[in-house]
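Descriptive analysis of the structure
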Amino acid sequence: MDGAGDDVVMRGGHVLTMDERSSVASALAFADGRLTAVGTDAGVSARIGSRTRVIELRGRTVMPGMIDGHAHMDREGLKSLLPSLSGCASIADLVERVRRIAAATPPGQWIVTMPLGEPPEYLCSPDMYAEGRLPDREDLDRATTAHPVLIRCAWGHWPGRVPTVSIANGAALRLAGIGPDPVSPSPRLRIETDAAGMPTGRLYEDDLQPLAEFTVFRRAPHFTEDERALTLAASMSAYNRYGTTGVFEGHGAAPELIRAYRAARGRRAPSVRTRLVFSPGWSGASDDDVRAWVRERASRLHGKGEGDEWLRIEGLFAELQARPDDARLRAACEPRTGWAGFRYDCGLPPERLRLLLEEAARAGLRVCGIQAGMAERFAEVGARVPIDGLRWVVAHPATLDARQIGAIRDHGMVVTTHTGAYVWRRAAATLQRVGPALEETICPIRSLLEAGVPVSLATDNVPVSLWPCVWHAVARIDRDTGAVIAPGQRIDRMAALRCATVHGAWLCLDEADRGSLEAGKQADLLVLRDSPLDVELARLSHLEADMTWVGGRQVYPGGNA
């Protein structure tokens, strides 16, 4: 089903091998999905046979396929399922857009749209519309009263700020049971009312993870398991466009997402190698439940876990419990998880979390967590039960000081970054929070690399391309101020490319099989018209692949070059 790939020779280019010497070759060959030679034009051309496809690179650059260390890849395809409100310059435009959607929708059927604002961040504010305000129930009622209409709030980690807002028309409010003087199920969900106590249709959420869709709008359509499976091919194609050939989903995958990936795997050949980390749900769990879970799962999630070279499920995600009441509200909709794809009740109170981590360490299980606080907890466990060699993952920490970096190094951890948030979008705010004396602790990629810690670049799906992340690591520019943040943490382009390739393979436990272009490794690669080592710095973030190959099969743009 997957195909063995073509017998191909590429020559006349600049091949960035990313091997230990960072060698540069001019040609390569692959067959049956694996590289057979990397070297000079003359040496590799000797392998050309009657059935060999020869690609003349004409000076283009070839490099290993990029590996996204924290991708949330499935979300990209899901976005295509909901009508877009992008490009509306006024509320009048939005009303007309919804009216056209309603005209093509059977009466009584829900209309659920993408959030307000523009992708990939979906930032919204009253001044984005000519009327100087956000739409409300009456506006949506002008579009249709024959359908319940819900404008979903953004997944809060896309804009990276609160409040997020969802908007409903009168029919949707009635189905949700929202009438005069409504009572919210959570203090972090505000159902706006007018002076008479009537709901305006706007609901504001002071949390980055949505609540309204799992509580008051629970009756509105959710993404189904089959929809997740059917849209994964489009998600993979979106990532292939920029040269991504592998992803690591360290935030954890709920059972519905795992089943969707497996269903998609059975339908067609994948174009992205995917590594999923299991997301447990702990509602009502006792200490004995935690121990039993580890015993039952250890053999399946140990090491490289279950699966094959295209799809594997390994290790587990863990975090400290926060706002358990809200977590339970979201988890009550299980198996549906919305944009998350992970379980909302995956957190544990401190002592039970320590128990889980220690039991996982004893069982040889890999654990992934988010932010520097989890690095501290990992180190505490590692001092009692060795975790060296298990490659526990600390995902996109905003700051790390020298002591924390030392602990990460000493316990063999891996770090995935979120440069889009902590260098590009929120570095100035983080600097204001930590103070000038600690500026160099902000997303400290250089310090981590100098300590010998593998660092994998990651998009977090904002946007799907890793090239902005490469540029962030090199330039370190804050979007709002234009200032260079933590200049001592800038790295050169080759180091950034290694983070996007070699270190991504290390994160996936696949360094022996991919991440560099060497004979015997998987033929996962991309061809670029411009060299990422020489292109103008301002253009580095905008690079796209001319071609992307995975397992010796061309997956982008498709067809022959």
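Refer to the structure above for everything that follows.
How each quantity is defined
Residues numbered from 1 in each chain as written. Predicted model: local features only at pLDDT ≥ 70, side-chain atom pairs only at ≥ 80, totals over all residues. Heavy atoms only, no water. Salt bridge = Lys/Arg side-chain N within 4 Å of Asp/Glu carboxyl O. Buried < 20%, exposed > 50% of the residue type's maximum accessible area, 1.4 Å probe, protein only. Axes fitted to C-alpha atoms, helices over the stretch in contact; angles between N-to-C directions. Helix = DSSP H or I, 4+ residues; strand = E, 2+ residues; numbered from the N terminus. Parallel < 35°, antiparallel > 145°, perpendicular 65-115°, else oblique. Left-handed = near helix turned anticlockwise from the far one by under 90°. Contact = heavy atoms within 4.5 Å. Nonpolar A, V, L, I, M, F, W, Y, C, P; charged D, E, K, R; others polar. Pairing = 2+ DSSP bridges. 1 Å grid on protein atoms, 1.4 Å probe; cavity = no way out; pocket = protein on both sides within 12 Å on 5 of 7 lines; lining within 4 Å. Points joined across faces, edges and corners; volume = space filled by probe spheres on them.

Notes on the pattern of salt bridges
If you walk through the whole model with that rule in mind, you get 50 salt bridges. Here glutamate 334 ties to arginine 343 by a salt bridge, and the two come within 3.1 Å at their closest N and O atoms. The exposure class assigned to glutamate 334 is partly exposed, which follows from its relative accessible area of 40%. Shared partners join several salt bridges into a network, and the residues in it are Arg275, Lys304, Arg312, Glu314, Arg366, Asp510 and Arg514.

Here's the deal with the packing of helix H10 (residues 350–362) against helix H11 (residues 372–382)
Axis separation between H10 and H11 bottoms out at 10 Å; the angle between their running directions is 55 degrees. Overall, the two elements H10 and H11 adopt an arrangement that is oblique. Remark: the crossing between H10 and H11 carries right-handed chirality. Taken together, the residues of H11 that come into contact with H10 (itself represented by Pro350, Leu353, Arg354, Leu357, Glu358 and Ala361) are Met374, Arg377, Phe378 and Val381. Classifying every residue of the contact of H10 with H11 gives seven nonpolar, no polar and three charged.

With respect to the pairing of strand S7 (residues 61–64)
Regular strands place their side chains on alternate faces of the sheet. Sheet topology places strand S2 (residues 14–16) next to S7; two bridges connect them, and they run parallel. Looking at the pairing, valine 15 lines up with valine 62 of S7. Looking at chain direction, S7 and strand S24 (residues 525–528) are connected through four bridges and run antiparallel. Of the residues in S24, the one forming a bridge with proline 64 is leucine 525.

Looking at unusual backbone geometry
For the bond from proline 119 to proline 120, the omega torsion is 0 degrees, close enough to zero to count as cis. Within the secondary structure layout, proline 120 lies in the loop between strand S9 (111–113) and helix H4 (137–143). Of note, the amide linkage connecting valine 162 to proline 163 takes the cis form, showing an omega dihedral of 5 degrees. Position of proline 163 relative to the elements: it lies in the loop between strand S10 (149–151) and strand S11 (164–168). With phi around 45 degrees, aspartate 181 is a residue other than glycine that occupies positive phi space. Within the element layout of this structure, aspartate 181 appears in the loop between helix H5 (170–175) and strand S12 (189–193). By relative accessible area, which is 58% here, aspartate 181 ends up exposed.

Notes on the layout of surface pockets
Quantified by volume, the largest pocket comes out at close to 1,100 Å³. Forming the boundary of the largest pocket are 48 residues, of which His157, Gln209, Glu319, Leu320 and Ala322 lie nearest the centre. Where the lining of the largest pocket is concerned, the elements lending two or more residues are strand S18 (319–320), helix H9 (324–331), strand S19 (347–348), H11 and helix H13 (419–425). Broken down by element, the residue count for the lining of the largest pocket peaks at five residues, all from H9. A breakdown of the residues in the lining of the largest pocket according to their chemical character gives 19 nonpolar, 13 polar and 16 charged.

Worth remembering: the numbers are spatial, not functional.
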